[in-house]
Structures are given as structure tokens and as C-alpha cells.
Amino acid sequence: MVAATVLQFIKDGTSDFTMSDVSERSGIARSTIHARWPTRDALLAEALRAHNSQFQVERCSDWREDLHHLARAFRDFAARPDEMAINALTAYLGPGFLSEETYRQWQSISDEMAAPLRAAQAAGEVRPGVNPTLVISTLFSSITALILIAKEAPSDRHLEQLVDLLIQGCDARK
């Protein structure tokens, strides 16, 4: 309930909410909120974690298929109104805790999503000099930029071309 309230403030474009604002809107006592989240930043980090945990992707048997599947899953997640609002506010505010925490959490998610590329690299299918986490971050940032700037989710065809380009740069067979 508290994390949902914080996320609603962000979705509404409000970045200067206080712990008292969260208490009032959520109906949870301020002392209870402070006991669990001693700082506003801790509360904000928890709300972002709860939101980002909704991004789940099933693995495929081949790293190339996995990248295509991941691109579509991320596009669908990033095009949700709540995710668009979070990304827009983060971009608008610039440097600060929201930006730093968003980056930190998505860097961790990118690292996790890079596991199939690391496994393929260990098997000799991905070139040794490729940074798998950077490949995933490139994929995510390309999709996010299109959604934020063009206000339109990239088509399946666009994603296919983007992923094929990344695969060409990674594939040890090329």
C-alpha cells in the first residue's frame, strides 16, 4: 500500500512528496512508515523495487531467441503508462536520488538479463570481447528512448532489426 502510494505520486508527476504526504494518502501512520523506511530515499527505493519486480522474462533455449524475446517483453513493459511516467519524471528531474536509484536497479536487472549471453560467451557462441551487460543496456536504452521521445512503442519489425544488429555484433560465427 505504501509503495503503491509512492508510485502514484511519481505517476502523477509529483517528486517533492514527503513522508507525511505518503502517510496521509495511504492511510498508514507516519510512525509505521518511518519504522520500516527511515528515510524518504529508502521508501522511494522500495517503491521502485516493487514496480521493477513486475518485469519478468521467461528464458529461451538459444541466446539469439532470448534477445528477441527480451526486446518484446521490455518494449511491452516500458510502454506501460506507469513506466512511461516514471521514466519521464526521472529524465525531467535529472541528477538526484530518483535518477541514481533507477539507474542502479536497471543496471542490476540488465546484468541479470545478460546471463544467457554470458553462458553463450562461455560456450564460444558470443565473441570474447563483448560485454553482455552492455548489450542488454543498449537494447533497453534504445527502446526506452524511442518510447519517451517518439511517444510510441517500437514495432515488432523495428525490434527485430535492432536485435539482429546486436546479434551481428556479438555472434562469434560472423
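It should be noted that the structure appears before, not after, this text.
Residues numbered from 1 in each chain as written. Predicted model: local features only at pLDDT ≥ 70, side-chain atom pairs only at ≥ 80, totals over all residues. Heavy atoms only, no water.

1. Notes on the side chain of Thr-5
- Within the secondary structure layout, Thr-5 lies in helix H1 (residues 2-11).
- For Thr-5, a relative accessible area of 6% puts it in the buried group.
- A distance of 2.9 Å separates a polar atom in the side chain of Thr-5 from the backbone oxygen of Met-1.
- In this view, Thr-5 contacts Val-22, Arg-25 and Ser-26; residues no more than four positions away in its chain are not counted. (Helix = DSSP H or I, 4+ residues; strand = E, 2+ residues; numbered from the N terminus. Buried < 20%, exposed > 50% of the residue type's maximum accessible area, 1.4 Å probe, protein only. Polar contact = N/O pair within 3.5 Å; in protein donor to acceptor, adjacent residues only side chain to side chain. Contact = heavy atoms within 4.5 Å.)

2. Structural notes on the packing of aromatic side chains
- Inspection of the entire model under this criterion finds nine aromatic pairs.
- For the pair Phe-9 and Phe-17, a centre-to-centre distance of 5.0 Å together with 15 degrees between the ring planes defines the contact as stacked.
- A centroid spacing of 5.6 Å and a plane angle of 55 degrees characterise the contact between Phe-55 and Trp-106, whose relative ring orientation is tilted. With Phe-55 in the loop between helix H4 (40-52) and helix H5 (63-78) and Trp-106 in helix H7 (residues 97-113), this residue pair connects regions lying 51 residues apart in the sequence. Taken individually, Phe-55 and Trp-106 each receive the classification buried, so the pair is uniform in this respect.
- Linked through ring pairs, Phe-55, Phe-74, Phe-77, Trp-106 and Phe-140 together constitute an aromatic cluster.
- Positioned above the aromatic ring of Phe-9, the side-chain terminus of Arg-25 is 4.0 Å from the ring centre.
- Lying over the aromatic face of Phe-17, Arg-40 brings its terminal NZ or CZ to 4.3 Å of the ring centre. (Phe/Tyr/Trp six-rings, centres within 6.5 Å; stacked < 30°, edge-to-face > 60°. Lys NZ or Arg CZ within 6 Å of the ring centre and 35° of its normal.)

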